[in-house]
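Next come the chains, spelled out residue by residue.
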Amino acid sequence: MGQKLVGILLNAAVHGGVPRLKTGQESLANYEEAAAAYGLTPCYLKLSDIDTQTGYSRAYIKGTQGYKKVVIPTPEVIHNRAIYDPGSSGTERLLRQGIQVYNICNRYGKDQIQGLLERSPELRMHLPATKSGLSGLREMMESCQDLILKPCRGSVGNGVMRLKRSSTRRWKLSYSPSGSKRWFTIPVDREVLPGALRARLTSVPYLVQERIPLAEISGRPFDLRVSVQRGWGGEWQVTGMFAKLAARGGFVSNIARGGEALNSSFALEQAFPGEAAAQLRMSVLTLSLAVARELEQSLPGLADIGLDIGITDTGRLFFIECNGRDQRYGFRKAGLDGLWKDSYRRPMGYARYLYEAAAMHNSY
């Protein structure tokens with residue numbers, strides 16, 4: 001196929017750890033192995049080292065003595081693994097130079113994703129009832145018994161709260177301070193919401209959603225993380241999935257907040273009869289692909305996402321969240337090392353596909 005460079009665009013902090021092999025959840029070994037399978041050489045970039053004027057960049061490439069920073073022609077294909085807001089001037093400059101950057105943006109607001117999916121009659125039935133802000137909270141408290149409040153720009157469960165009705169006027173608010181895995185619950189009067197809660201919902205964009213009564217294992221709710229990626233051939237495929245089991249007494253399943261990663265087949269079979277578990281698995285695959293195809297209509301360059309899909313105890317599926325930069329390590333924590341490696345391999349296959357598609361286009 002011919003060896004070509006594929007750029008892996010990293011945040012500055014992660015990029016700085018490359019020569020010391022200190023890259024957090026990013027596995028350099030997996031990138032190397034996956035890229036080699038498609039005749040590619042990965043080079044690790046940060047935005048400030050890419051010179052769009054000259055067409056050259058400084059990047060880390062693995063050699064016999066480890067990773068060294070070298071000057072190279074800027075790769076024609078780059079997989080973005082850094083966090084940039086939509087319309088980032090740096091990434092826009094790359095696109096204007098004709099560089100193919102996929103997952104050009106991987107930070108989308110939950111409200112934006114919700115709005116895009118609401119356009120689809122097929123997907124609308126899989127979305128929980130949703131409002132926004134303080135006015136939305138008051139409206140939802142009139143019609144719902146159990147609510148989840150989550151910041152539109154939050155990640156790994158930070159800032160998520162639960163508000164559950166305990167009587168006609170009384171509610172219970174559950175929250176966890178940032179960086180903590182402990183949960184606290186305080187009583188709330190419907191007519192006199194705590195000042196801190198009102199301040200939070202008026203200062204930071206929040207979604208207010210009816211809580212999905214998730215299926216449980218031994219009293220612990222779980223949902224599924226589904227890795228949906230483009231690979232060789234360019235089509236969306238489900239690379240794999242794993243279950244995220246909430247900590248005992250908790251209601252969020254994020255691994256960073258005390259959740260536990262499990263094999264998805266095991267989790268489904270614990271919560272549902274064998275045949276139903278298999279049917280639900282297939283339904284989750286179908287829904288996940290439908291979500292990816294809907295989002296790609298409005299989000300250019302989308303190619304590698306992680307979707308959270310919830311299942312009620314009656315088997316109804318709900319879309320919970322889209323992660324534009326799926327961390328992938330949950331596969332390894334669930335003992336699914338093969339799928340963990342596949343989640344790196346498929347995006348490298350997509351890079352090769354982009355190279356081949358460009359070559360074919362230029363030959364005409």
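It should be emphasised that the depicted structure is a prediction, and the values quoted were computed from it without experimental measurement.

### What about the overall build of the protein chain?
When helices and strands are counted, the protein chain shows eleven helices and 19 strands. A compact globule built from 364 residues should have a C-alpha radius of gyration of about 21 Å, and the protein chain, at 22 Å, falls within 12% of that. Principal-axis analysis of the C-alpha atoms places the extent of the protein chain at approximately 70 × 45 × 40 Å. Taking all 364 residues of the protein chain together, the buried fraction comes to 52%.

### Some points on the packing of helix α6 (residues 133-143) against helix α7 (residues 195-203)
The contact between α6 and α7 brings their axes to 7 Å, and the two run at 125°. Of the possible angle classes, the one that applies to α6 and α7 is oblique. Contact with α6, carried on its side by Gly133, Leu134, Leu137 and Arg138, involves Leu197, Arg198, Leu201 and Thr202 of α7 and no other residues of that element. Here the residues of the contact of α6 with α7 sort into four nonpolar, two polar and two charged.

### Quick word on the pattern of salt bridges
Taken as a whole, this structure holds 20 salt bridges when the rule is applied. Across the pair Arg81 and Glu26 runs a salt bridge whose closest N-O atoms are separated by 2.9 Å. Of this pair, Arg81 sits in the loop between β6 (77-80) and α3 (89-96) while Glu26 sits in the loop between α1 (12-16) and α2 (28-37), and the two are 55 residues apart along the sequence. By relative accessible area, Arg81 is classed as buried at 2%.

### Some thoughts on the nonpolar core
Membership of the largest hydrophobic core comes to 39 residues, with the highest contact counts inside it found for Phe222, Leu224, Leu295 and Phe319. Going through the elements one at a time, α4 (110-118), β15 (220-230), β16 (236-245), α8 (264-271), α9 (274-296), β18 (304-311) and β19 (317-323) are the ones with two or more residues in this core. Counting residues per element, this core draws most heavily on α9, at nine residues. In contact with Phe222, other than residues within four places in its own chain, are Leu214, Ala215, Glu216, Ile217, Ala243, Lys244, Leu245, Ala267, Leu268 and Ala271.

### Things to note about unusual backbone geometry
If you check the backbone angles, Asn103 has positive phi at about 55° while not being a glycine. A positive phi angle, close to 70°, is found at Arg328, a residue other than glycine.

### Remarks on the sheet that holds strand β8 (residues 130-132)
Within the open sheet, the six strands sit side by side as β8-β13-β9-β10-β11-β12. Their pairing is antiparallel. Each edge of the open sheet is held by one strand with a lone partner, namely β8 and β12 (184-189). Adjacent strand axes in the sheet meet at a mean angle of 25° when their direction is disregarded. Inspection of the sheet shows β8 paired to strand β13 (residues 206-210) by three bridges, in the antiparallel sense.

### Section: the environment of Gly66
With respect to the helices and strands, Gly66 occurs in strand β5 (residues 66-73). On the basis of relative accessible area, Gly66 is assigned to the partly exposed category, the value being 25%. Remark: the alpha-carbon pair of Gly66 and Pro19, spanning 47 residues in sequence, is separated by 7.0 Å.

Parameters at a glance
- Residues numbered from 1 in each chain as written.
- Predicted model: local features only at pLDDT ≥ 70, side-chain atom pairs only at ≥ 80, totals over all residues.
- Heavy atoms only, no water.
- Helix = DSSP H or I, 4+ residues; strand = E, 2+ residues; numbered from the N terminus.
- Rg over C-alpha atoms; globule rule 2.2 N^0.38 Å.
- Buried < 20%, exposed > 50% of the residue type's maximum accessible area, 1.4 Å probe, protein only.
- Axes fitted to C-alpha atoms, helices over the stretch in contact; angles between N-to-C directions.
- Parallel < 35°, antiparallel > 145°, perpendicular 65-115°, else oblique.
- Contact = heavy atoms within 4.5 Å.
- Nonpolar A, V, L, I, M, F, W, Y, C, P; charged D, E, K, R; others polar.
- Salt bridge = Lys/Arg side-chain N within 4 Å of Asp/Glu carboxyl O.
- Core = buried A, V, L, I, M, F, W, Y, C linked by side-chain atoms within 4.5 Å.
- Pairing = 2+ DSSP bridges.

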